[in-house]
Amino acid sequence: MIKPESSLLEKTEAFLLGRFKALPVVDQNQKPLGIITRVEVLKDLLSLNAVPEIDVTNLMSSPVYTIDERSTIGEAKGKMKEYDTKKLLVLRNGKPVGVFSSLDLAGLSIKPKEASYMKRGVVSTKSIDDEEIAKFYRPGITNITEKSTVKKAAQLMVEKEVSHVIVLSEKDGKPIGVLSAVDIFKWVKEMAEEKIDVFVSGLDEETRGMHNEIKNTIEKAVEKFKESYRITKVEARVKRTKSFYTIKLMMEGKEKFVISADGPTLEDAVNIAAAELKKVLGRKKSIEKSRKVRARKGLRE
């Protein structure tokens, strides 16, 4: 379950815990407030420019396994197990018409066996596994070419309100892979788990022992914002004069900027610079949040 105050990273991680199309949003008393879908999380990631502009081939699942729409549920289960895949591209006369996934199977697994016919006075039961997938797959597919970026694919998913796209070959137009919202969520999680590189320079013999303390202070200041701003590197340059210390922080991520601070001691200078960096990042995040809220209100109006 997700709470209103959950971070975007927490939301993506929640969808990675199971095969969920949507998750409930609850308050502190576990009272339901609504739901959030994978497409909505994708939309939020796009608004923060957190979706990579790399080729879809880097993240897609490949190869694509297919099944004819006249095949049975049992045959679909067998193929998924054989190829260790969660999605099958459904074909009609050799052409893609939809997708059948493990999510569809999960919904079918709770259905009981159904009586299908009487023969010579004996009731014969028919398992759901004997039904054709034509009755259950999700019709309609959204395509994108292999040269497209993951960001473009995510925008298409949001536009079409789907959580996956079929990747087509530039050469012959045949399906070569599937990119899903979950594939993008996994990438976001992996990037968030990468440690920020903090480089400290300018220390002398007297202050060299503070290297780790300076690094930890800076890491703590930017930790909360590294996901939103894709912070990858912070360089801290220390300069000592007769009466004070100056530290200059240069941050690299979604945008680059520099913060400087002075202090009577190096510890003071570091703390002042870290606090200012945290303040600036917090202010930028608030501005983006307000802009996002206004945009949503404008859409409703």
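Structure: above.
(A) Quick look at a positive patch on the surface. Residues Lys220, Lys224, Lys278, Lys285 and Lys289 make up a contiguous surface patch of positive charge. Looking at the positive patch, the element that brings in the most residues is helix H9 (residues 266-300), giving three residues. Following the sequence through the fold, Lys278 ends up in helix H9.

(B) Up close: the sheet that holds strand E11 (residues 175-180). Taken in spatial order, the three strands make up an open sheet running E9-E10-E11, and their pairing is mixed. Unpaired on one side and paired on the other, strand E9 (143-145) and E11 mark the two borders of the sheet. Taking each pair of neighbouring strands and ignoring which way they run, the sheet shows an average axis angle of 35°. Where strand E10 (residues 164-168) lies against E11, five bridges are found, and the strand directions are antiparallel. Considered in E11, the bridge of Val165 is made with Leu179.

(C) Structural detail: the side chain of Asp27. As for its placement among the helices and strands, Asp27 is situated in the loop between strand E1 (22-26) and strand E2 (32-37). Within the buried set, Asp27 has no salt-bridge partner at all; the shortest N-O distance to an opposite charge, 5.6 Å, is to Lys31. Polar contacts involving the side chain of Asp27 include one to the main-chain amide nitrogen of Lys31, which spans 2.8 Å. Residue contacts for Asp27: discarding those within four places in its chain leaves Pro4 and Leu33.

(D) Focus on helix H3 (residues 73-83). Among all positions in H3, only Ile73, Ala76 and Met80 are buried. Buried residues in H3, looked at end-on, bunch into an arc of 60°, giving them a common side. Turned more than 90 degrees off the buried face of H3, the exposed positions are Lys81 and Glu82. One or two steps after H3, the chain reaches Asp84, where phi turns positive at roughly 50°.

(E) Spatial organisation of the pattern of salt bridges. Under the criterion given, the structure shown has eight salt bridges. Residues Asp68 and Arg70 are paired through a salt bridge, measuring 2.9 Å at the closest nitrogen-oxygen approach. Connected through salt bridges with shared partners, the residues Asp204, Glu206 and Arg240 form a single ionic network.

(F) Fine view of the sheet that holds strand E14 (residues 245-252). Taken together, four strands build an open sheet; the order of strands is E12-E13-E14-E15 and the sheet is mixed. The sheet is open, and its two borders are formed by strand E12 (197-201) and strand E15 (257-263), each paired with just one other strand. Pairs of neighbouring strands in the sheet enclose a mean axial angle of 15°, with direction left out of account. Of the strand pairs in this sheet, strand E13 (residues 233-240) and E14 are connected by eight bridges, and their pairing is antiparallel.

How each quantity is defined
- Residues numbered from 1 in each chain as written.
- Predicted model: local features only at pLDDT ≥ 70, side-chain atom pairs only at ≥ 80, totals over all residues.
- Heavy atoms only, no water.
- Patch = residues over 30% accessible without salt bridge, like charges linked within 9 Å, V, L, I, M, F, W, Y side chains within 5 Å.
- Areas by Shrake-Rupley, 256 points an atom, 1.4 Å probe, with all protein chains shown as cover.
- Salt bridge = Lys/Arg side-chain N within 4 Å of Asp/Glu carboxyl O.
- Lys, Arg positive; Asp, Glu negative; His and termini not counted.
- Charge placed at Lys NZ, Arg CZ, Asp CG, Glu CD.
- Helix = DSSP H or I, 4+ residues; strand = E, 2+ residues; numbered from the N terminus.
- Pairing = 2+ DSSP bridges.
- Axes fitted to C-alpha atoms, helices over the stretch in contact; angles between N-to-C directions.
- Buried < 20%, exposed > 50% of the residue type's maximum accessible area, 1.4 Å probe, protein only.
- Polar contact = N/O pair within 3.5 Å; in protein donor to acceptor, adjacent residues only side chain to side chain.
- Contact = heavy atoms within 4.5 Å.
- Arc of directions from axis to C-beta.

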